[in-house]
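Examining the three-dimensional arrangement
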Amino acid sequence: MQNDEGLKGRVAIVTGGSSGIGLAIARRLVAAGAAVMITGRTADTGARALQTLEQTGGKADFVAADVTSEAAMAAMVAQTLERLGAPTLLVNNAGPSGDAFGLGAVHELPSSAFVDAMNIGAIGALYCCRAVLPHMIAQGGGAIVNISAIAAQRAIPLMGAYAMSKAALDALGRQVANDYARHGIRCNNLVVGTVRPEPGDVSTLPEGFDHESLDRVIATTTMAGRVGNYAEAADAAVFLLSDGSRFITGANIPVDGGALGKLAYPDYSDAMGPTGEG
């Protein structure tokens, strides 16, 4: 079964769609025949992303908008309706990054770090849902995918603010799935592990950080023995938006190389005998 079933001619919104996983998702949606509105904080980044999407020959547009403003999200959806048509697909991808990521101990981080992470990662998604849901109801259905993270389900050192925002996003997704199923609207949370850009991707990774060394450590915590990439997360998101997942809703779907299913014990392989026995 193709993962883009039923996407041709649909209108989608991807927040944080000008780079990273969001742009990878937008690319696949455009390739599947959907018209896509991407949002982002800066016009320059958005213009470059839009140029990339238009090179595929598909239909796309960009709005510079702040997801923490309910008025801005309502205006963005209104512009989508005017330029592309009624949206029936939504990807809540915008999330905490940079200073808003809030890396630090709970008692040392300023309270504003938690507030910022919640506003961007959870309240922003709420604003998008509130603006889009009436249009989905009017169209007889729709699909929403929230880009969550394994930090919402497993404690990761010094990531309290980020984890809290993703846990709230998961709860929002389940609530939307439950309350709007009668309108033919599905909502799922895509629980993403560590993913990295591939050549040609617009990276969202912070500069000046030894990601290669970190990735070697993270790889040992996954069943797959490696970190993922933006394309693998995007493929899963597009499947959850497609008609191929028509009976999937209210779910947390991991794309993490088996990280959530693996207990992070040291690798004792070298201490084992040929048959795996000590």
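In the block above lies the structure referred to throughout.
Residues numbered from 1 in each chain as written. Predicted model: local features only at pLDDT ≥ 70, side-chain atom pairs only at ≥ 80, totals over all residues. Heavy atoms only, no water.

**As for the pairing of strand β2 (residues 35–40)**
The condition is simple: Partly exposed residues are those whose accessible area sits between 20% and 50% of the maximum for their type, while under 20% is buried and over 50% is exposed, using a 1.4 Å probe and protein chains only. Strands are runs of DSSP state E lasting at least 2 residues, helices are runs of H or I lasting at least 4, and numbering of each runs from the N terminus. Here the term right-handed applies to a crossover when the path leading from its first strand over the helix to its second strand runs clockwise, the strands being oriented away from the viewer. Strands qualify as paired when DSSP identifies two bridges or more between them.
In terms of residue burial, β2 counts as a mostly covered element, since six of its six residues are buried. Residue alternation in β2 divides its side chains into two sets, Ala35, Met37 and Thr39 and Val36, Ile38 and Gly40, and both sets are buried. Each parallel crossover has a hand, and for strand β1 (residues 11–14) linked through helix α1 (residues 20–31) to β2 it is right-handed. With five bridges joining them, β2 and strand β3 (residues 60–64) adopt parallel strand pairing. Bridge pairing in β3 links Thr39 to Val63. As a crossover connection, the stretch from β2 through helix α2 (residues 43–54) into β3 is right-handed.

**Considerations on the state of the cysteines**
Put simply, the rule reads: Disulfides are defined as pairs of cysteine sulfur atoms found within 2.5 Å of each other.
Scanning the model with the defined rule gives zero disulfides in all. Of the cysteine sulfurs around Cys129, a residue in no disulfide, the closest is that of Cys187, at 5.8 Å. Under the relative-accessibility criterion, Cys129 is labelled buried at 2%.

**Thoughts on the packing of helix α3 (residues 70–83) against helix α4 (residues 111–139)**
As a reminder of what qualifies: Angles here are taken between N-to-C directions and fall from 0 to 180 degrees, while the axes themselves are lines fitted to C-alpha atoms, restricted in helices to the stretch in contact. Helix crossings fall into two classes, left-handed where the near helix is turned counterclockwise from the far one by less than a right angle and right-handed where it is turned clockwise. Pairs of residues are marked as contacts when any of their non-hydrogen atoms sit within 4.5 Å. By the convention adopted, Pro, Cys, Tyr, Trp, Phe, Met, Ile, Leu, Val and Ala count as nonpolar, Lys, Arg, Asp and Glu as charged, and the other residues, Gly among them, as polar.
For the pair α3 and α4, interaxial distance at closest approach is 8 Å and the crossing angle is 35°. For the crossing formed where α3 meets α4, the hand is right-handed. Residue-level contacts link Glu70, Met73, Ala74, Val77 and Leu81 of α3 to Tyr127, Cys128, Arg130, Ala131, Val132 and His135 of α4. Residue classes in the contact of α3 with α4 are distributed as eight nonpolar, one polar and two charged.

**Digging into the environment of Ser18**
As for its placement among the helices and strands, Ser18 is situated in the loop between β1 and α1. The class for Ser18 is buried, based on a relative accessible area of 7%. Expressed as a C-alpha distance, the spacing of Ser18 and Asp44, which sit 26 residues apart in the sequence, is 9.6 Å.

**Points about α3**
Counted only if it meets this: Given the number of residues in a helix, its expected span is that number minus one, multiplied by 1.5 Å. Arc definition: it is the arc formed by the directions from the helix axis to the C-beta atoms.
With 14 residues, α3 ought to run about 20 Å at 1.5 Å a step, and its terminal C-alpha atoms sit 20 Å apart, in line with that. Along α3, the residues that are buried comprise Met73, Met76, Val77 and Thr80. Buried positions in α3, seen along its axis, are confined to an arc of 95° and lie on one side of it. Counted as exposed and oriented over 90 degrees from the buried face of α3: Ala71 and Glu82. Looking at the buried residues of α3, the elements they touch are β1, β2, β3 and α4.

**Let's talk about empty space enclosed by the protein**
Cut-off, in case you're wondering: Whether a set of points on the 1 Å grid over the protein atoms alone is a cavity depends on a 1.4 Å probe fitting there but being unable to get out, while an open set qualifies as a pocket with protein on both sides within 12 Å along at least five of seven lines; lining residues are those with an atom within 4 Å of a point. Grid points are joined across faces, edges and corners, and a volume is the space filled by probe spheres set on the points.
Tallied over the entire structure, the rule returns one cavity of 30 Å³ or more. Estimated volume of the largest cavity: approximately 50 Å³. Along its surface, the largest cavity is lined by Thr15, Val67, Asn92, Asn93, Ala94, Ile120, Gly121, Gly124, Ala125, Cys128 and Leu169. At five residues, α4 tops the list of elements feeding residues into the lining of the largest cavity. Looking at the lining of the largest cavity, its residues break down into six nonpolar, five polar and no charged.

**Quick look at the sheet that holds β3**
Here we have seven strands laid out as an open sheet, ordered β3-β2-β1-β4-β5-β6-β9, and parallel in their pairing. The open sheet terminates on both sides in strands that have one partner only, identified here as β3 and β9 (252–255). This sheet shows a mean twist of 20° between the axes of neighbouring strands, independent of strand direction. Along the sheet face, helix α5 (residues 160–180) touches β5 (142–149), β6 (185–192) and β9 and points at about 160° away from the line of β5.

**Some words on the nonpolar core**
Quick reminder of the rule: In this description, a nonpolar core means a group of buried Ala, Val, Leu, Ile, Met, Phe, Trp, Tyr and Cys residues linked to one another through side-chain atoms lying within 4.5 Å.
Ranked by internal contacts, the top residues of the largest apolar core, which has 36 residues, are Ile25, Leu29, Val36, Ile38, Leu190 and Leu241. Counting residues per element, this core draws most heavily on helix α7 (residues 230–241), which supplies eight residues. Sequence-distant contacts of Leu29, that is, excluding residues within four places in its chain, are made with Leu7, Ala12, Val14, Ala34, Val36, Val238 and Leu241. Membership of the second largest hydrophobic core comes to 29 residues, among which are Leu90, Tyr127, Val132 and Leu133.

**A few points about the pairing of strand β4 (residues 89–92)**
Neither face of β4 is open: one carries Leu89 and Val91, the other Leu90 and Asn92, and all of them are buried. Bridging between β4 and β5 involves four bridges; their strand directions are parallel. Note that in β5 the partner of Asn92 across the bridge is Asn146.

**Details of the environment of Leu260**
For Leu260, the position within the fold is in the segment after β9. Under the relative-accessibility criterion, Leu260 is labelled buried at 15%. Taking C-alpha positions, Leu260 is 7.0 Å from Ile150, a pair spaced 110 residues apart along the chain. Once residues lying within four places of it in the same chain are set aside, the contact partners of Leu260 are Ile150, Gln153, Arg154, Val191 and Pro254.

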